[in-house]
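Take a look at the letters that make up each chain.
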Amino acid sequence: MRKNFGAKPLLYPQPVFILAAYGSDGVPCAMNAAWGGISEQKEISMCISPEHRTMKNILETGAFTVSMATADYVAECDYVGVVSGNDVPDKLEKAGFHTVKSEYVNAPLIDELPMAVECKLVSYDPESCRLVGEIVNVSADERVLGKDKNVDPALLRPITFDPMNNTYVVLGDTIGAAFSDGFKIGG
């Protein structure tokens, strides 16, 4: 028997993204966001309210980065989500994060978060809060690359937001081969 929860934003997994952008003053700001994902081959979309300092920065500069939050930095990633850049302009520094400018877009990369999607602003609708970015580059620190030189989720240790229990969960073990295991069933 199923339990009904009604119309709520409950979906698993919900990635924990850390959006970062420079303000017109050159100061980096970042925020935690969970409502987003890939929406086209070279496009990322998410729901971001217009009052966020980071969203204002994205609109000013036309660029942003989206880092994967990791198990090693849960508290810091949560901090940039619970504290507003409108109130604490140096919240990245207070979180202990360090940044470097992306080679591809006018936005900061967070050194401690080893994987990021670097984006140009495509569109933003303040009424629906839908932010769309063109993926210009994906970068990953060598410390999270496996033997095949691709990102190894076991080394990255990305986290997901559990909206039912208000917790963060680290993504786990590989359990199958995509675009392959289904053929075992036949067809």
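Note: the structure precedes this text.
Structural notes, computed from the coordinates. (Residues numbered from 1 in each chain as written. Predicted model: local features only at pLDDT ≥ 70, side-chain atom pairs only at ≥ 80, totals over all residues. Heavy atoms only, no water.)

### Considerations on a nonpolar patch on the surface
A cluster of nonpolar side chains, namely F5, Y12 and M164, defines an oily patch on the protein surface of about 290 Å² accessible area. With respect to the element layout, Y12 can be found in the segment before strand 1 (14–15). (Patch = residues over 30% accessible without salt bridge, like charges linked within 9 Å, V, L, I, M, F, W, Y side chains within 5 Å. Areas by Shrake-Rupley, 256 points an atom, 1.4 Å probe, with all protein chains shown as cover. Salt bridge = Lys/Arg side-chain N within 4 Å of Asp/Glu carboxyl O. Helix = DSSP H or I, 4+ residues; strand = E, 2+ residues; numbered from the N terminus.)

### Description of the pairing of strand 10 (residues 130–140)
Residues in a regular strand point their side chains to alternate faces of the sheet. Where strand 5 (residues 43–47) lies against strand 10, five bridges are found, and the strand directions are antiparallel. In the sheet register, C47 faces strand 10, and the bridge partner there is R130. Across ten bridges, the pairing between strand 9 (residues 115–125) and strand 10 is antiparallel. Counterpart to M115 in the pairing with strand 10 is A140. (Pairing = 2+ DSSP bridges.)

### Here's the deal with the pairing of strand 12 (residues 167–170)
Examined bridge by bridge, strand 11 (residues 159–162) and strand 12 share four bridges and lie antiparallel to one another. Note that in strand 12 the partner of I159 across the bridge is V170. Between strand 11 and strand 12, which follow one another and run antiparallel, lie four residues, and N166 among them has a positive phi close to 50 degrees.

### Section: the nonpolar core
L19, M46, I48, F64, V66 and L131 are the most contacted members of the largest nonpolar core, which totals 22 residues. If you tally residues by element for this core, the top one is strand 9, at four residues. Setting aside its immediate chain neighbours within four residues, V66 contacts F17, I18, L19, I44, M46, M115, A116 and V117. If you look at the next biggest cluster of nonpolar residues, it comprises 13 residues, including A20, A95, I110 and I159. (Core = buried A, V, L, I, M, F, W, Y, C linked by side-chain atoms within 4.5 Å. Buried < 20%, exposed > 50% of the residue type's maximum accessible area, 1.4 Å probe, protein only. Contact = heavy atoms within 4.5 Å.)

### Considering unusual backbone geometry
In this structure, P13 follows Y12 across a cis peptide bond, with omega equal to -15 degrees. You can see P13 is positioned in the segment before strand 1. Its identity as a non-glycine residue notwithstanding, R157 has a phi of 55 degrees, on the positive side. Residue placement: R157 occurs in the loop between helix 4 (153–156) and strand 11.

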